[in-house]
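Given next are the chains, with one letter for each unit.
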Amino acid sequence: MNHQQKSERDELRARFTVWLETTVYRARLKYLEREKPKVDTVSIEELPESALSVFEQTSYCEISGSAFDFEEERLAEAFAKLPIKRQEILTMLFVEERKPEEIARLLNCSPQHVYDQRYQALKKLRIALTKDGDKF
């Protein structure tokens, strides 16, 4: 075997080795992705009351029931119609003046979820208040 044929075989073997390593690497990634345990996500509104800690059940119910001093009764009624988790998020944001990142840590969710829930809650309040009367 001459020198040129040997170098061509070595180059071919090197390219095949790189191709094989890449293929095996990608196959391993696909396998791990398929076998990775899927975590089911549940919306905050779908959580049962029993899933809340005792502290959350007592403290926020008391806050939402008596500590708010709303100037308008319509706002209090609209706030009471919101889901409990959204009430908690608004309470922590505006009454307790917590940051969304801190709330996310407390509720075991992402900060983006806190922002989304705040947006949805304020949107529902705005709709409820403007639907009852166009005084605003």
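An account of the accompanying structure is given in this report. Everything numeric here is computed off the predicted structure, so don't read it as measured data. (Residues numbered from 1 in each chain as written. Predicted model: local features only at pLDDT ≥ 70, side-chain atom pairs only at ≥ 80, totals over all residues. Heavy atoms only, no water.)

**Digging into the overall build of the chain**
Inference 1: Along the chain, the regular secondary structure elements total six helices and zero strands.
Inference 2: Going from the N terminus to the C terminus, the chain shows its helices and strands as α-α-α-α-α-α.
Inference 3: By the burial criterion, 21% of the 136 residues in the chain qualify as buried.
Inference 4: Of the contacts formed within the chain by residues at least 6 apart in sequence, a portion of 57% connects residues at least 24 apart.
Inference 5: Accessible area of the chain: about 11,000 Å², with a carbon and sulfur share of 54%. (Helix = DSSP H or I, 4+ residues; strand = E, 2+ residues; numbered from the N terminus. Buried < 20%, exposed > 50% of the residue type's maximum accessible area, 1.4 Å probe, protein only. Contact = heavy atoms within 4.5 Å. Areas by Shrake-Rupley, 256 points an atom, 1.4 Å probe, with all protein chains shown as cover.)

**Details of a nonpolar patch on the surface**
Inference 1: A cluster of nonpolar side chains, Phe16, Trp19, Leu20 and Val24, forms an exposed patch at the surface whose accessible area comes to about 420 Å².
Inference 2: You can call tryptophan 19 exposed: its relative accessible area is 51%. (Patch = residues over 30% accessible without salt bridge, like charges linked within 9 Å, V, L, I, M, F, W, Y side chains within 5 Å. Salt bridge = Lys/Arg side-chain N within 4 Å of Asp/Glu carboxyl O.)

**Some points on helix H5 (residues 100-107)**
Inference 1: Residues of H5 that are buried: Pro100, Ile103, Ala104 and Leu107. Projected onto a plane normal to the axis of H5, the buried residues spread over an arc of 100° and lie on a single side. (Arc of directions from axis to C-beta.)

**Some thoughts on the side chain of glutamine 117**
Inference 1: Checked against the element boundaries, glutamine 117 lands in helix H6 (residues 111-132).
Inference 2: Overall, the relative accessible area of 7% leaves glutamine 117 in the buried class.

**Things to note about unusual backbone geometry**
Inference 1: In this model, glutamate 97 sits at a positive phi of 55°, which is unusual for a non-glycine residue.
Inference 2: Within the secondary structure layout, glutamate 97 lies in the loop between helix H4 (84-95) and H5.
Inference 3: The class for glutamate 97 is exposed, based on a relative accessible area of 67%.
Inference 4: Of note in the backbone geometry, asparagine 108 takes a positive phi value of approximately 55° without being a glycine.
Inference 5: Along the chain, asparagine 108 turns up in the loop between H5 and H6.
Inference 6: Since its relative accessible area comes to 71%, asparagine 108 is described here as exposed.

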